[in-house]
Amino acid sequence: MSPIPLQAIPIADSPFVLVFGGLYMLLVLGIGVWGYMQTESTSDFLITGKSIGTWVLALTAFSVVQSGFGFVGGPELVYSFGTTALWIFFTAPLGFVVTWVLLAKRMRILADIRNVMTLADGMYVRYESDTVRGLTGVAVVVGVVAYLATNLAALQYVMRAIFGLPVFWGLVIGAAILLLYSMLGGMIAGVWTDFVQAITMIVGSVLVFAFALGFGGGMETISRNLATADPALISPFGALGEPVAAVFVGLGWWILFSLGAAGQPHLITKFYMSKNLKILRWGAPIAAVTYAVSSLLAFSTGLSMRAMVEAGQTAAPRTASIVGPVFVLEHTPGVVAGLILAALLAAIMSTSDSFLNIGAAAVSRDIPRALGRPIEDDKTELRVTQGALAGLTVMSTLIVFYSETLVGILGTIGWGFFAAAFVAIAALGLNWKGATAEGAIAAIVGGLVINLFFSALPRIADTAGFTGIAETVTGLYPFTSGFPVGTVALLVTIVLFVGVSLATQEGQTVPKDIAILLER
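This section reports on the structure supplied with the text. Model, not experiment: these values are computed from the prediction. (Residues numbered from 1 in each chain as written. Predicted model: local features only at pLDDT ≥ 70, side-chain atom pairs only at ≥ 80, totals over all residues. Heavy atoms only, no water.)

**Considering the overall build of the protein chain**
For the protein chain, the count of helices and strands is 23 helices and zero strands. Taken against the 2.2 N^0.38 rule, which gives 24 Å for 520 residues, the C-alpha radius of gyration of the protein chain at 22 Å falls within 12% of a compact globule. For the protein chain, the spread of C-alpha atoms along the principal axes amounts to about 70 × 55 × 50 Å. Per-residue burial for the protein chain yields a buried fraction of 59% across its 520 residues. (Helix = DSSP H or I, 4+ residues; strand = E, 2+ residues; numbered from the N terminus. Rg over C-alpha atoms; globule rule 2.2 N^0.38 Å. Buried < 20%, exposed > 50% of the residue type's maximum accessible area, 1.4 Å probe, protein only.)

Written out as structure tokens, the structure reads:
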């Protein structure tokens with residue numbers, strides 16, 4: 001889940017913040033150099049040569065999903081909606097279980113029986129369709145640019161908060177360091193940076209949880225202050241609107257966060273990287289538990305800050321989006337603040353690295369192969385992949401620098417976009433022999449159209465001054481405004497995938513090795 005721009009984060013005045021931030025940057029570059037020394041082929045660069053173990057796989061999976069969301073979007077949701085938002089956090093870990101059950105073993109076996117390194121590779125093998133491969137690659141690139149631009153927009157302000165840099169230099173230096181270690185170490189560097197990020201998240205979340213409860217006077221006092229201000233803030237669905245609508249809105253977000261995890265390419269391609277099938281067994285519970293533990297930060301900071309603001313004990317933050325960073329900067333010791341801001345920096349940069357790698361692979365490997373022009377030489381493919389990394393980074397940096405509006409529009413295409421594009425064709429397609437290439441094409445196109453039409457188009461029209469078009473499109477949305485567009489797109493793509501597959505099954509065959517895989 002991507003963080004959002006953090007314009008109002010204050011500049012830290014603790015030397016510990018600067019020390020932790022500087023040490024993290026050095027660590028990142030060190031991991032990048034080490035990863036470069038381990039990288040000899042495109043396989044090493046993109047899927048670590050199938051070398052990672054249980055704990056690294058599980059913690060990496062949890063960290064790329066939690067990302068900066070745990071320190072930015074999470075506290076914002078809890079601050080805004082109170083306990084209404086909590087059930088999403090503590091049920092979202094189910095997404096790891098769903099993803100592991102549906103995809104882990106099958107994708108890892110796929111990496112053994114066929115030469116697959118990307119999601120599009122796997123989808124080509126499953127459907128034997130260059131169109132499916134090409135659409136998958138294009139969808140990955142669109143989603144990656146959207147995620148990356150949003151992450152870099154946040155990165156510039158985090159760099160400012162830690163190092164006191166002007167926003168421009170925070171963007172340029174942050175993007176340059178991200179590009180350097182991504183080009184050096186590829187996914188090997190990304191996986192180990194994710195691992196460090198995960199450990200930092202867990203430790204920091206537990207520490208902040210303790211400080212936040214103390215700041216708010218304990219759960220009893222926090223609950224009392226929230227209930228006095230607005231009883232809806234301590235109810236399961238009350239802060240989401242009318243009771244019946246609120247239940248459906250909550251259910252919509254839960255579906256998107258749990259089932260939608262099985263469509264995130266930066267998560268599911270991690271299964272290609274595991275040493276063997278045995279280590280997959282404990283990955284889901286480890287990832288789910290660590291995700292839940294890390295969510296303690298959002299739970300505690302959001303509730304305690306809102307309770308103290310309502311009680312008049314502290315000033316309200318300038319925007320809800322900076323609740324988490326402001327709390328750790330103003331209400332925790334410098335050591336803890338340094339650890340947490342370094343973790344936020346790690347979350348943004350390591351997740352950006354994962355996106356860069358899958359996006360670059362789509363440019364250098366997936367799309368050329370779909371067009372019938374594959375790069376045959378492995379070394380050349382590796383260099384083109386690294387060049388694509390640079391191109392994507394520069395493009396996303398320019399988007400951030402020249403257009404905050406475009407960043408905001410791209411920010412509407414994120415988790416829900418990937419979920420709609422890939423849950424059906426990957427999670428269902430690798431478990432159902434009856435799935436067809438036509439069904440996969442319909443699902444990808446349908447998900448793309450719905451997300452762009454209902455999420456991006458109203459923003460584009462409103463920004464361009466065509467408020468009538470924006471209002472018309474919004475009025476066509478058949479659900480309450482709080483119900484996520486991504487969930488609608490996801491459910492529609494599942495229906496399209498199943499329906500079109502059933503209608504086009506006649507005469508379809510599945511390669512023998514893939515058929516055996518689907519039966520396992």
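**Details of the layout of surface pockets**
Summary: where empty space remains is shown by rolling a probe the size of a single water molecule over the atoms. Estimates place the volume of the second largest pocket at around 160 Å³. Lining the second largest pocket are 13 residues, and of these Arg126, Ala435, Gln508, Thr509 and Val510 sit closest to its centre. Looking at the lining of the second largest pocket, its residues break down into five nonpolar, five polar and three charged. (1 Å grid on protein atoms, 1.4 Å probe; cavity = no way out; pocket = protein on both sides within 12 Å on 5 of 7 lines; lining within 4 Å. Points joined across faces, edges and corners; volume = space filled by probe spheres on them. Nonpolar A, V, L, I, M, F, W, Y, C, P; charged D, E, K, R; others polar.)

**What to know about the nonpolar core**
Ranked by internal contacts, the top residues of the largest apolar core, which has 138 residues, are Phe62, Trp100, Leu103, Tyr127, Leu345, Met349 and Ile425. Counting residues per element, this core draws most heavily on helix H8 (residues 130–163), which supplies 18 residues. Core analysis: the next-biggest nonpolar cluster, separate from the first, contains eight residues, Val78, Ile222, Leu233 and Ala307 among them. (Core = buried A, V, L, I, M, F, W, Y, C linked by side-chain atoms within 4.5 Å.)

**Some remarks on the side chain of serine 129**
Tracing the backbone shows serine 129 in the loop between helix H7 (119–127) and H8. For serine 129, a relative accessible area of 10% corresponds to the buried category. Here valine 132 takes part through its backbone nitrogen, which lies 3.1 Å from a polar atom of the side chain of serine 129. If we ignore the near neighbours within four places in the chain, the residues touching serine 129 are Tyr124, Ala437 and Ile441. (Polar contact = N/O pair within 3.5 Å; in protein donor to acceptor, adjacent residues only side chain to side chain. Contact = heavy atoms within 4.5 Å.)

**A few points about H7**
Counting buried positions over the nine residues of H7 gives eight, a clear majority of the element. Every buried residue of H7 is accounted for by Leu119, Ala120, Asp121, Gly122, Met123, Val125, Arg126 and Tyr127. Where H7 terminates, the next one or two residues include glutamate 128, which has phi positive at roughly 50°.

**Digging into empty space enclosed by the protein**
A complete count under the given rule lists three cavities of 30 Å³ or more for this structure. Quantified by volume, the second largest cavity comes out at close to 50 Å³. Lining the second largest cavity we find ten residues, and of these Val65, Ala92, Phe96, Phe257 and Ala261 sit closest to its centre. Class assignment for the residues of the lining of the second largest cavity results in nine nonpolar, one polar and no charged.

**Points about the packing of helix H14 (residues 296–310) against helix H15 (residues 323–331)**
At a closest axis distance of 9 Å, the pairing of H14 and H15 adopts a crossing angle of 80°. By the angle between their axes, H14 is roughly perpendicular relative to H15. Across the interface between the two elements, Thr301, Gly302, Ser304 and Met305 from H14 touch Val323, Gly324, Val326, Phe327 and His331 from H15. Tallied by class, residues from the contact of H14 with H15 come to four nonpolar, five polar and no charged. (Axes fitted to C-alpha atoms, helices over the stretch in contact; angles between N-to-C directions. Parallel < 35°, antiparallel > 145°, perpendicular 65-115°, else oblique.)

**Some remarks on helix H22 (residues 485–503)**
In this model H22 runs 27 Å from its N-terminal to its C-terminal C-alpha over 19 residues, within 8% of the 27 Å that 1.5 Å per residue would give. Those residues of H22 lying buried are Val485, Gly486, Thr487, Val488, Ala489, Leu490, Thr493, Phe497 and Ser501. (Expected span 1.5 Å × (residues − 1).)

**Quick word on the environment of alanine 307**
Tracing the chain through its elements places alanine 307 in helix H14. Other than its neighbours up to four places away in sequence, alanine 307 contacts Ile222, Asn225 and Leu226.

**With respect to the packing of helix H20 (residues 437–463) against H22**
The N-to-C vectors of H20 and H22 enclose an angle of 155°; their axes lie 8 Å apart at closest approach. Classified by the angle between their axes, H20 and H22 sit roughly antiparallel to one another. For the crossing formed where H20 meets H22, the hand is right-handed. Of the residues in H22, those touching H20 at Glu438, Gly439, Ala440, Ala442, Ala443, Gly446, Gly447, Ile450, Asn451, Phe454 and Ser455 are Val485, Gly486, Ala489, Val492, Thr493, Leu496, Phe497, Val500 and Ser501. (Left-handed = near helix turned anticlockwise from the far one by under 90°.)

**Quick word on a nonpolar patch on the surface**
On the surface, Phe168, Trp169, Ile173, Val394, Leu398, Phe401 and Tyr402 cluster together to form a nonpolar patch covering roughly 720 Å² of accessible area. Of all the elements in the fold, those that place two or more residues in the nonpolar patch are helix H9 (167–216) and helix H17 (378–402). Among the elements that line the nonpolar patch, the one with the most residues is H17, at four residues. Structurally, phenylalanine 168 can be placed in helix H9. Looking at phenylalanine 168, the relative accessible area reads 37%, which means it is partly exposed. (Patch = residues over 30% accessible without salt bridge, like charges linked within 9 Å, V, L, I, M, F, W, Y side chains within 5 Å. Areas by Shrake-Rupley, 256 points an atom, 1.4 Å probe, with all protein chains shown as cover. Salt bridge = Lys/Arg side-chain N within 4 Å of Asp/Glu carboxyl O.)

**With respect to the packing of aromatic side chains**
This model, assessed by the stated rule, comprises 18 aromatic pairs. With a centroid separation of 5.9 Å and an interplanar angle of 50°, the aromatic rings of phenylalanine 417 and phenylalanine 418 are classed as tilted. A residue is classified by how much of its surface remains accessible, and phenylalanine 417, at 1% relative accessible area, is buried. Since its relative accessible area comes to 0%, phenylalanine 418 is described here as buried. Centroid distance phenylalanine 479 to phenylalanine 483: 5.1 Å. Interplanar angle 25°. Geometry classified as stacked. Residue classification places phenylalanine 479 among the partly exposed residues on the basis of a relative accessible area of 40%. Among the aromatic residues, those joined into a cluster by ring pairs are Tyr147, Phe355, Phe417, Phe418 and Phe422. Above the face of the tyrosine 124 ring, arginine 133 is positioned so that its terminal group lies 4.0 Å from the ring centre. (Phe/Tyr/Trp six-rings, centres within 6.5 Å; stacked < 30°, edge-to-face > 60°. Lys NZ or Arg CZ within 6 Å of the ring centre and 35° of its normal.)

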